[in-house]
Amino acid sequence: MPRFTLPSMKLRYADALLPSLLLLVYITITYLSGFALMINGHSVVGWLFGILLLAHSMILIAYLIHDLSHQAFFMDRRANEYLAVSYTHLRAHETLRYL
């Protein structure tokens, strides 16, 4: 029986650790805060700002999925695929057919 192993999370470029980490953290923060403002927004301005934050994070996720489909993020193909699948679920969009 084949054993499941996690893919190597080694980045494609050695100096890309900080920008890549900042991008992932920024996407996560804007995505979650956009939803929080939309759900808990007590004013129209808060609700609209939540929509803008959520749309901004989804655009960045689309760019990230595009880079992941070109295998430009991690060295290992499976690591790119796992991250792309996880962010595809956040976008609720079928871009898996391009991987």
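Residues numbered from 1 in each chain as written. Predicted model: local features only at pLDDT ≥ 70, side-chain atom pairs only at ≥ 80, totals over all residues. Heavy atoms only, no water.

**What about a nonpolar patch on the surface?**
Phase 1 of the analysis: Among the surface-exposed residues, Val44, Trp47, Leu48 and Ile51 lie close enough to one another that they form a single nonpolar patch of about 370 Å² accessible area.
Phase 2 of the analysis: Structurally, Val44 is set in helix α2 (residues 44-69). (Patch = residues over 30% accessible without salt bridge, like charges linked within 9 Å, V, L, I, M, F, W, Y side chains within 5 Å. Areas by Shrake-Rupley, 256 points an atom, 1.4 Å probe, with all protein chains shown as cover. Salt bridge = Lys/Arg side-chain N within 4 Å of Asp/Glu carboxyl O. Helix = DSSP H or I, 4+ residues; strand = E, 2+ residues; numbered from the N terminus.)

**Observations regarding the confidence of the model for the protein**
Phase 1 of the analysis: Confidence in the prediction of the protein, expressed as mean pLDDT, is 82, and 84% of residues score 70 or more.
Phase 2 of the analysis: Averaged pLDDT values for the elements of the protein fall to 82 in helix α3 (residues 77-91) and rise to 91 in helix α1 (residues 17-40). (pLDDT = per-residue confidence, 0-100.)

**Remarks on α1**
Helical geometry note: an α-helix holds 3.6 residues per turn, so side chains three or four residues apart project in the same direction.
Phase 1 of the analysis: Between its first and last C-alpha atoms α1 spans 34 Å; for 24 residues at 1.5 Å apiece the expected length is 34 Å, and the two agree.
Phase 2 of the analysis: Every buried residue belonging to α1 is among Ser20, Ile27, Thr30, Tyr31 and Gly34, and all of these are buried. (Expected span 1.5 Å × (residues − 1). Buried < 20%, exposed > 50% of the residue type's maximum accessible area, 1.4 Å probe, protein only.)

**What about α2?**
Phase 1 of the analysis: The end-to-end C-alpha distance of α2 is 37 Å, a good match for the 38 Å that 26 residues give at a rise of 1.5 Å each.
Phase 2 of the analysis: Downstream of α2 by one or two residues, Gln71 has phi in the positive range, about 60°.

**Description of the packing of α1 against α2**
Phase 1 of the analysis: Put simply, α1 and α2 touch, their axes get as near as 7 Å, and they point 150° apart. Comparing the axis directions of α1 and α2 gives the class roughly antiparallel. The two elements α1 and α2 meet at a crossing, and its hand is left-handed.
Phase 2 of the analysis: Its residues assigned to classes, the contact of α1 with α2 shows 17 nonpolar, 7 polar and no charged. (Axes fitted to C-alpha atoms, helices over the stretch in contact; angles between N-to-C directions. Parallel < 35°, antiparallel > 145°, perpendicular 65-115°, else oblique. Left-handed = near helix turned anticlockwise from the far one by under 90°. Nonpolar A, V, L, I, M, F, W, Y, C, P; charged D, E, K, R; others polar.)

**Description of unusual backbone geometry**
Phase 1 of the analysis: Residues other than glycine seldom take positive phi values, yet Gln71 does so here, at roughly 60°.
Phase 2 of the analysis: Along the chain, Gln71 falls in the loop between α2 and α3.
Phase 3 of the analysis: The class for Gln71 is partly exposed, based on a relative accessible area of 24%.

**A short note on the nonpolar core**
Phase 1 of the analysis: Ranked by internal contacts, the top residues of the largest apolar core, which has 15 residues, are Ile61, Leu64, Leu68, Phe73, Phe74, Leu83 and Tyr87.
Phase 2 of the analysis: Put simply, the parts of the chain that give this core at least two residues each are α1, α2 and α3.
Phase 3 of the analysis: Here the element with the most residues in this core is α2; it accounts for 5 residues. (Core = buried A, V, L, I, M, F, W, Y, C linked by side-chain atoms within 4.5 Å.)

**Thoughts on the side chain of Asn80**
Phase 1 of the analysis: Its location among the elements puts Asn80 in helix α3.
Phase 2 of the analysis: Ignoring anything within four residues of it in the chain, the contact list for Asn80 reads Leu68, Gln71, Ala72, Phe73 and Phe74. (Contact = heavy atoms within 4.5 Å.)

**Some words on the packing of aromatic side chains**
Phase 1 of the analysis: Applying the stated criterion to the full structure yields 2 aromatic pairs.
Phase 2 of the analysis: Judged by centre distance (5.2 Å) and plane angle (75°), the rings of Tyr31 and Phe35 are edge-to-face. Linking Tyr31 with Phe35, this pair stays in helix α1, spanning 4 residues, or about one helical turn.
Phase 3 of the analysis: Residue Phe35 is classed as partly exposed on the basis of its relative accessible area, which comes to 31%.
Phase 4 of the analysis: Ring geometry for Phe73 and Phe74: centres 5.0 Å apart, planes at 85°, overall edge-to-face. (Phe/Tyr/Trp six-rings, centres within 6.5 Å; stacked < 30°, edge-to-face > 60°.)

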